[in-house]
Amino acid sequence: MGKIKTPPKSIRRSGVKPQRGNRSAKQRTAKVLEEKLASVQRELAGVRDQQGATSEILRIISARANLSDVFSAILQKATVLCEAKFGLMYTYDGALFHNAAMHGAPDALVEHHSRRGPFRPPPGTPLDRLLATLSVIKSADDSREATPSAPTRLAGARSHIAVPMLKNGALVGVIVIYRTEVNPFTDGQIDLVRSFAAQAALAIENARLLSDLNDLNQQLGKRVAEQVAEIERMGRLRRFLPPQVADLIVSSGNERQLESHRRDITALFCDLRGFTGFSESADPEDVMMLLREYHAAVGRFTMEYSGTLERYAGDGIMVIFNDPVSVPDPSLRAVKMSLDIREALGVLTEKWRRLGHDIGFGVGIAHGFATLGTIGFEGRFDYAAIGTVSNLASRLCDEAKAGQILISARVLMAVENDVEVESVGEFTLKGIRRPVGAYNVLGRR
């Protein structure tokens, strides 16, 4: 057999060694790839955690949760995701910082904040520097700063970041997170806390807007309640007082007009002749129908001539002019109203006459001073005019025959240029000491 030749040195040097080198390079590459993959996975997990935290906080904010709950959730997420030992959150009112939330703070620090209450930061501390710059304040080791903060003195804090909560460029609060070892926070962690600070500022603004909305709703509710009460009050006043009196009281906002006062007025008293006999012989339904038609006619003209219905009882009705609302020519208004009512009732009295009822209409009118105001009791008030003028109008009405409108001498002086009258002589009237001259209004001139 022939001898096996030994390979050249060049071949021996490159034969096995290249194979071992290739495996080592592949292993190193695989290790690098594994590390990169793990790093990417950690970054993805961190992003997922951040997104989850952000979503949860936004959900809490949108649910209009209590502001302290929102602050606690934000601070907890910021502390945990940034791998800090503990965290503090403050709100700022433009003068003082207020404790808003704590997460993981040691008991000594909690007690310190509880005793201190709202505060101004000591000069040189992180909060003081943040207040001056409105920017992020960070320290790799606060214990080496010229003025260590309370968390450093009481809780062993070393590395920290203080991130401002800003709204339209104004400071509304601060988030501060701490580590108890020297391990500076990364730029990514600072940006994360910035996003949480923005959410906290948003929560503060939402709370303010919600508070303003609640205040507005309360004011609106109060205003509606006042308006409803005013409507109910006006309804009661309109039910038991003349419309003019009710409107005047409501518009003025007080009830001084209802207090007793003295004023010159024209008083008109009217009733139906023959009503007593009619009510005794007619069916009650016919009596009620007659009164409704009669009251409707008188009421319509009372409103038209700005009179105030003082009272009505059965067929007796008293209307006053010049109170509580002043009117020009009160006596002339009373006379013209009486003429219109007499004409309107003429059609009705003719209808009743065809039904066999002899009904007529009589009026008495006087002018003079009276004392006016409300009389009655809670739930039922009337507006009354007390004095000789009311008594005189009533007595003249008693003397009036069907179709007559009897006026006093003072009324005559006010209307003689506008109406035709005839003297009916003097009457001795009950409650009036002297005989009274009376005049019957025939019609307009």
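Data block above holds the structure.
Note that the structure is predicted; figures quoted are calculated from it, not measured.

> Outline helix α4 (residues 126–133), supporting the account with residue identities and numerical values.
Along α4, the positions that sit buried rather than exposed are Pro126, Leu127 and Leu130. Taken end-on, α4 shows its buried residues confined to a sector of 95°, consistent with a single buried face. Contacts from the buried residues of α4 go to β1 (86–92), β2 (97–103), β3 (137–139), β4 (160–167) and β5 (170–178). Just past α4, the residue Leu134 takes up positive phi, approximately 55°.

> Can you break down the nonpolar core residue by residue, with the values?
In a soluble, globular protein the nonpolar side chains are often hidden away together inside. Within the largest apolar cluster, 38 residues are counted, with the highest numbers of intra-cluster contacts made by Tyr294, Phe321, Val335, Met337, Phe361, Ile365 and Ile407. Elements that contribute at least two residues to this core include exactly β6 (261–273), α8 (275–281), α9 (284–304), β8 (316–321), α10 (330–354), β9 (360–377), β11 (405–407) and α12 (409–415). Within the second largest apolar cluster, 27 residues are counted, among which are Cys82, Ala84, Ile161 and Phe185.

> Run through the packing of aromatic side chains, naming residues and quoting values.
Summed over the entire model, instances satisfying the criterion amount to seven aromatic pairs. Between Tyr90 and Phe119 the ring centres are 5.4 Å apart and the planes differ by 75°, which places this aromatic pair in the edge-to-face class. Of this pair, Tyr90 sits in strand β1 while Phe119 sits in the loop between α3 (107–116) and α4, and the two are 29 residues apart along the sequence. For the pair shown, Tyr90 and Phe119 are each scored as buried. Summarising the aromatic geometry, the rings of Tyr92 and Phe97 are spaced 4.7 Å apart at their centres and angled 40° between planes, so their arrangement reads as tilted. Phe97 shares its class with Tyr92; the two are buried. The rings of Tyr90, Tyr92, Phe97 and Phe119 are connected pair by pair, giving a single aromatic cluster. Across from the ring centre of Phe119, 3.6 Å away, lies the NZ or CZ of Arg116, which sits over that ring. In this structure, Arg179 is placed above the aromatic ring of Phe185, and the distance from its NZ or CZ to the ring centre is 3.9 Å.

What counts and how
- Residues numbered from 1 in each chain as written.
- Predicted model: local features only at pLDDT ≥ 70, side-chain atom pairs only at ≥ 80, totals over all residues.
- Heavy atoms only, no water.
- Buried < 20%, exposed > 50% of the residue type's maximum accessible area, 1.4 Å probe, protein only.
- Helix = DSSP H or I, 4+ residues; strand = E, 2+ residues; numbered from the N terminus.
- Arc of directions from axis to C-beta.
- Contact = heavy atoms within 4.5 Å.
- Core = buried A, V, L, I, M, F, W, Y, C linked by side-chain atoms within 4.5 Å.
- Phe/Tyr/Trp six-rings, centres within 6.5 Å; stacked < 30°, edge-to-face > 60°.
- Lys NZ or Arg CZ within 6 Å of the ring centre and 35° of its normal.

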